[in-house]
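If you want the building blocks of each chain, they are given just below.
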Amino acid sequence: MSTMTAAAGSVEGIRSAIAKGETTAAAVTEIYQARIAGEDPRIHAFLSVDREYALAQAARIDDMAAKGESLPKLAGVPFGIKDVLTLEGFAATAGSKILEGYRPPYTATAVRKLADAGAVFLGKLNCDEFAMGSSNENSAYGPVHNPHDLERVPGGSSGGSAAAVAAGMAVATLGTDTGGSIRQPASFCGVVGVLPTYGRVSRYGLIAFASSLDRIGPFAATIRDAATVLGVIAGHDVMDATSSPLPVPDYTADLDRGVKGMKLGVPAEYFAEGLDQEVRAAIEAGIERLRAAGAEIRPISLPHTRYAIPTYYVIATAEASSNLARFDGVRYGLRAPQSDTLAGMYRRTRDLGFGAEVKRRILLGTYVLSHGYYDAYYRKAQQVRRLLTEDFLGAFREVDAILTPTAPTPAFKIGEKSDDPVAMYLADIYTVTASLAGICGVSVPCGKSRGGLPIGMQILGRHFDEAAIFRVGQAVESL
Ligand code: GLN
């Protein structure tokens, strides 16, 4: 890579260097494979790597380049994929023992679109079991370590996806976000993570956690790279009835327009009790820079925010209890040996295959849906979800985007919250609201703590207005 420029680690830098013959996709792939071999024993972001598969994808790009063909958008760009997304023939564990040995017979639409755009897949990435968690400690295959401090969590559930980019082991990755699982690990690892609007990216081929909340989105080192990747994976898909038919704009077109004249809202509820002082200081400083760059900063209120955590944990667990019913020892992965009856086999498989947090959520979700409790919990949560959404719709009549911290603290220590599920759930306070409302968001690096830990600013936008949050994100990045 000695002949490559400083931009070589970016999506466009790699594509154009290959197109100009300054390097090859094979050489780029080998550099990233060597980094994984060097770094990942300490970080544990990857659950599986396939050297040959990646080199075969790279060879196809090098063939095209040799023939002088124009190269697709992500040509030769090294990617990692969260292990809840399927790639035909590759293990997809979702971080769970219950899927051990499962090889999906199909490929997720978002993953296929990456491949069609010339991406190279280095491997599958570690995550909390079935994407349930905020620290990656719920992976059945061991935790991921934060590249900025190996004793700390990378965030979750897409911890491997964030850590791989932060450690330079992939240029971009895919993760999923149900209640914060892209934005919060992006914040903890100092990278960009995008929550696209619900319906913007097809969920086909995603191992479901909570279907009305699950979204697929990119991680990258810069807003520009993340915007490019979103442009590739977004769009309507006949395989997902909730995917939107709206056309996909060029998300990189307006990036450098700046924030002059934009109205940006700052919700009081996100700067209240429980917010770490260093995080507050970093986000307030970021907001001041946006003001200096010409944005109009307006105080706003999102009054139902305090109900968001209980609402999320009722709806998400209810949907999870239903989605996870399919793991029965018959159709996928693990089957417990030596059961006399079918029901006994189901029970033993689920007992052996699921971890403690997943069991807790199946129990909670089954309870809130059960006769006599449905109205008190599930229906009530749906009503509050509507009120939370109305809060945002009202705010977006006044402002173009909303600025908040992504998480109340920087990355915490491995083990610090792992035996206190409620403390762990509270770490999702600033992210679950956008999940419930279906709006888009991005976490962009915005300073560091005194101890050198990254801090992320969350920028929330109207439904299908990713272009606006990227414009603001680009300004935060460059200021
Ligand atoms: N931390 C949240 C949870 O545990 C969000 C997870 C996610 O977004 N997948 O449910």
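This structure is a prediction, so every number in the text was calculated from the model and none was measured. Per chain, the residues get numbers from 1 upward, laid out in the order the sequence is written. With the structure being a predicted model, the display of local features is reserved for residues of pLDDT at least 70 and the display and counting of side-chain atom pairs for 80 or more, all residues being used for whole-chain, interface and lining totals. Calculated side-chain values reflect all of the structure's heavy atoms, with hydrogen atoms and water omitted.

(A) Quick look at the nonpolar core. Buried Ala, Val, Leu, Ile, Met, Phe, Trp, Tyr and Cys residues that are joined via side-chain atoms within 4.5 Å together make up what is termed a nonpolar core. Throughout this description, buried means an accessible area under 20% of the type-specific maximum (1.4 Å probe, protein chains only), exposed means over 50%, and partly exposed covers the range between. In terms of nonpolar packing, the biggest core is built from 142 residues, with L114, F130 and L290 touching the most fellow members. A total of 9 residues in this core trace back to one element, the largest contributor, which is helix α9 (residues 308-323). A407, A411, F412 and M424 belong to the second-largest nonpolar core, a separate cluster that totals 6 residues. Helix and strand definitions follow DSSP, with helices as H or I runs of at least four residues and strands as E runs of at least two, each counted in order from the N terminus.

(B) Looking closely at the side chain of N146. In this fold, N146 is placed in the loop between β3 (120-125) and α5 (159-166). By relative accessible area, which is 0% here, N146 ends up buried.

(C) Structural detail: the site of the ligand. Taken together, 15 residues are adjacent to the ligand, and A131, T178, G179, S181 and Y312 come closest. Side-chain atoms alone can form a polar contact between residues adjacent in sequence; in general such a contact is a pair of N or O atoms within 3.5 Å, and within protein one must be able to donate a hydrogen while the other accepts it. Between the ligand and G180 there is a distance of 3.2 Å, counted from an oxygen atom to a backbone nitrogen or oxygen. At 3.3 Å from an oxygen atom of the ligand is found a side-chain nitrogen or oxygen belonging to Y313. The method behind every accessible area is Shrake-Rupley, applied with a 1.4 Å probe, and residues are considered shielded solely by the protein chains displayed. Within the complex, the protein chains bury 100% of what would otherwise be the 290 Å² of accessible surface of the ligand. Here the term charged refers only to Asp, Glu, Lys and Arg, the term nonpolar to Ala, Val, Leu, Ile, Met, Phe, Trp, Tyr, Cys and Pro, and the term polar to all other amino acids, Gly among them. Residues of the shell around the ligand, tallied by class, amount to 5 nonpolar, 7 polar and 3 charged. Definition of nearness: a residue and a molecule or strand are near each other if at least one heavy atom of the residue lies within 4 Å of the molecule or strand.

(D) Main features of the pairing of strand β2 (residues 78-82). Among the 5 residues that make up β2, 5 are buried, leaving the element largely enclosed by the rest of the structure. Both faces of β2 are covered, namely the face carrying P78, G80 and K82 and the face carrying F79 and I81. When β2 meets β3, the two strands line up parallel, connected through 5 bridges. Following the sheet pairing, G80 is matched in β3 by G123. On the question of chirality, the crossover connecting β2 to the parallel β3 by way of helix α4 (residues 109-116) is right-handed. Being paired, for any two strands, means DSSP has found at least two bridges between them. Bridging between β2 and strand β4 (residues 172-177) involves 3 bridges; their strand directions are parallel. Note that in β4 the partner of I81 across the bridge is L174. If the strands point away from the viewer and the path from the first strand over the helix to the second runs clockwise, then the crossover is right-handed.

(E) The arrangement of the pattern of salt bridges in detail. Just to be clear on terms, a salt bridge is a Lys or Arg side-chain nitrogen sitting within 4 Å of an Asp or Glu carboxyl oxygen. Here the structure, examined in full by the defined rule, presents 23 salt bridges. R379 serves as the salt-bridge partner of D375, at 2.6 Å between the closest nitrogen and oxygen. A residue pair is termed a helical-turn pair when its members lie 3 or 4 positions apart in one helix, as D375 and R379 do in helix α12 (residues 374-395) at 4 residues. Beyond isolated ion pairs, a larger network of salt bridges with shared partners links E296, R298 and E398.

(F) Examining the packing of aromatic side chains more closely. Note on ring pairs: Phe, Tyr and Trp rings are taken, using the six-membered ring of Trp, and paired if centres are within 6.5 Å. Classes follow the plane angle, with under 30 degrees stacked, over 60 edge-to-face and the rest tilted. Inspection of the entire model under this criterion finds 16 aromatic pairs. Where Y106 meets Y204, the ring centres are 5.6 Å apart and the plane angle is 40°; that geometry is what we call tilted. Here Y106 is found in the loop between β2 and α4, whereas its partner Y204 is found in the loop between β5 (192-195) and β6 (215-220), with 98 residues between them in sequence. When its relative accessible area of 30% is taken as the criterion, Y106 is described as partly exposed. Using a relative accessible area of 26% as the deciding quantity, one classes Y204 as partly exposed. Here Y251 and F470 contribute two aromatic rings whose centre-to-centre distance is 5.7 Å and whose plane-to-plane angle is 85°, an arrangement assigned as edge-to-face. Linking Y251 in the loop between α7 (223-233) and β7 (263-267) with F470 in helix α15 (residues 466-478), this pair joins segments that are 219 residues apart in sequence.

(G) Inspection of α12 at higher detail. One fewer than the residue count of a helix, multiplied by 1.5 Å, yields its expected span. Look at α12: 31 Å from first C-alpha to last across 22 residues, which is about the 32 Å you get at 1.5 Å a residue. K380 marks the point of greatest bend in α12, at about 25°. For α12, the complete set of buried residues consists of Y378, A381, V384, R385, L388, T389, D391, F392 and A395. The contact rule is simple, with two residues in contact once any of their heavy atoms fall within 4.5 Å. Contacts made by the buried residues of α12 are with β8 (296-300), α9, α11 (356-369), β9 (401-405), α14 (432-437) and β11 (454-461). A residue's bend is given by the angle between axes fitted to the 7 residues ending at it and the 7 residues starting at it.

(H) Seen up close, the sheet that holds β2. The strand order β1-β3-β2-β4-β6-β5-β10-β11-β9-β7-β8 describes an open sheet built from 11 strands, whose pairing is mixed. Two strands in the sheet have a free side with no partner beyond their single neighbour: β1 (46-49) and β8. Here the strands of the sheet are splayed against their neighbours by 30° on average, with no regard to which way each runs. Direction of pairing for β9 relative to β11: antiparallel, over a ladder of 5 bridges. Bridge pairing in β11 links L403 to I459. Note on geometry: axes are C-alpha line fits, over the in-contact stretch for helices, and angles between N-to-C directions span 0 to 180 degrees.

(I) Fine view of a nonpolar patch on the surface. Patches here: salt-bridge-free residues with over 30% relative accessible area, like charges joined within 9 Å, nonpolar side chains (Val, Leu, Ile, Met, Phe, Trp, Tyr) joined within 5 Å. Taken together, the side chains of V330, L342 and Y346 define a hydrophobic patch exposed on the protein surface, amounting to about 270 Å² of accessible area. On the accessibility criterion, Y346 (32% relative accessible area) is partly exposed.

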